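Secondary and tertiary structure notes
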Amino acid sequence: MRKTRSVLNPFRLKSDLHEDADLSGPFVIFMLFGLFQLLAGKLHFGVILGWLAVASIFIYFVFNMLAGSNGSLDLYRCLSIVGYCLLPMVIFSGISLFLPRSGLTIAVISCIAVIWCTRASTGLLVMVAPHAEEYRSLLAYSCGLLYTAFSLLVLF
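So, here is what we can say about the structure in this document. (Residues numbered from 1 in each chain as written. Predicted model: local features only at pLDDT ≥ 70, side-chain atom pairs only at ≥ 80, totals over all residues. Heavy atoms only, no water.)

1. Regarding the overall build of the protein chain
Summing up its helical and strand segments, the protein chain has seven helices and zero strands in all. If you list the helices and strands of the protein chain from N to C, you get α-α-α-α-α-α-α. Taken against the 2.2 N^0.38 rule, which gives 15 Å for 156 residues, the C-alpha radius of gyration of the protein chain at 15 Å falls within 12% of a compact globule. Referenced to the eigenvectors of the C-alpha coordinate spread, the extents of the protein chain come out at roughly 50 × 30 × 25 Å. Looking at the 156 residues of the protein chain, the share that counts as buried comes to 46%. (Helix = DSSP H or I, 4+ residues; strand = E, 2+ residues; numbered from the N terminus. Rg over C-alpha atoms; globule rule 2.2 N^0.38 Å. Buried < 20%, exposed > 50% of the residue type's maximum accessible area, 1.4 Å probe, protein only.)

Right, here's the structure in full:
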């Protein structure tokens, strides 16, 4: 619960909570996201799981290539961080059940959710490895692409 609450406030992230990576929280978040998509009439469990796995591997490689020999991020921790930071997208998916599919309101909420997810994941990645501060914008770009894909999954 503490890890989940720390993601909900992207301005005061606690890296000590995410030092020990686990996949139980991200799995619950993944299942909630799939449940909200199922309630919207979309069966996307495999797509969500596939995108999470491939995107985590991608961010892992990007992070470790940028950090060079200082790269200390392991794949398990990367998957945990990406999974926990999917929580704002789950909230957006739940809200989108009650909003019309087209319009400015859902587009604005989608942008807020993407920025929220990106800020949280980038902050946690940089806090886990403090030497990666100079690569924050490149990490934010790759995380932003990932969470934009998830928001498009909710929208369409």
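Still more ground to cover, so stick around.
2. Section: a nonpolar patch on the surface
The grouping of V28, L32, L35, L38, L39 and L43 at the surface amounts to a nonpolar patch, some 560 Å² of accessible area in total. Locating L43 in the fold gives a position in the loop between α2 (24-39) and α3 (45-67). (Patch = residues over 30% accessible without salt bridge, like charges linked within 9 Å, V, L, I, M, F, W, Y side chains within 5 Å. Areas by Shrake-Rupley, 256 points an atom, 1.4 Å probe, with all protein chains shown as cover. Salt bridge = Lys/Arg side-chain N within 4 Å of Asp/Glu carboxyl O.)

3. Here we look at the layout of surface pockets
Rolled over the atoms, a probe sized like a water molecule indicates the empty space that remains. Taken as a whole, the largest pocket encloses approximately 160 Å³ of empty space. What lines the largest pocket is L23, P26, F27, F30, L49, L52, A53, L79 and G83. Counted by class, the lining of the largest pocket contains eight nonpolar, one polar and no charged residues. (1 Å grid on protein atoms, 1.4 Å probe; cavity = no way out; pocket = protein on both sides within 12 Å on 5 of 7 lines; lining within 4 Å. Points joined across faces, edges and corners; volume = space filled by probe spheres on them. Nonpolar A, V, L, I, M, F, W, Y, C, P; charged D, E, K, R; others polar.)

4. A look at the side chain of S6
Structurally, the position occupied by S6 is in helix α1 (residues 2-8). A polar contact is formed between the side chain of S6 and the backbone oxygen of K3, at a distance of 2.8 Å. Those residues in contact with S6, other than ones at most four positions away along the chain, are R12, L13, K14, L17 and H18. (Polar contact = N/O pair within 3.5 Å; in protein donor to acceptor, adjacent residues only side chain to side chain. Contact = heavy atoms within 4.5 Å.)

5. What about the packing of aromatic side chains?
According to the stated counting rule, one finds five aromatic pairs in the structure shown. Relative to F30, the ring of F27 lies with its centre 6.0 Å away and its plane at 45 degrees, an arrangement referred to as tilted. Of the two residues, F27 and F30 both sit in helix α2, three residues apart, roughly one turn of that helix. The exposure class assigned to F30 is buried, which follows from its relative accessible area of 7%. (Phe/Tyr/Trp six-rings, centres within 6.5 Å; stacked < 30°, edge-to-face > 60°.)

6. Brief notes about the pattern of salt bridges
Tallied over the entire structure, the rule returns three salt bridges. One salt bridge in this structure joins D20 and K3, with 3.7 Å as the shortest N-O distance. Of this pair, D20 sits in the loop between α1 and α2 while K3 sits in helix α1, and the two are 17 residues apart along the sequence. Judged by its relative accessible area of 51%, D20 falls in the exposed class. Across the pair R136 and E133 runs a salt bridge whose closest N-O atoms are separated by 3.1 Å. Connected through shared salt-bridge partners, K3, D20 and D22 make up one network.

7. Digging into the state of the cysteines
By definition, a disulfide links the sulfur atoms of two cysteines through a covalent bond. Counted under the stated rule, the structure contains zero disulfides. Among the cysteines around C78, which has no disulfide bond, C143 carries the closest sulfur, lying 7.6 Å off. C85 supplies the cysteine sulfur nearest to C117, a cysteine that is in no disulfide, at a spacing of 7.2 Å. (Disulfide = S-S within 2.5 Å.)

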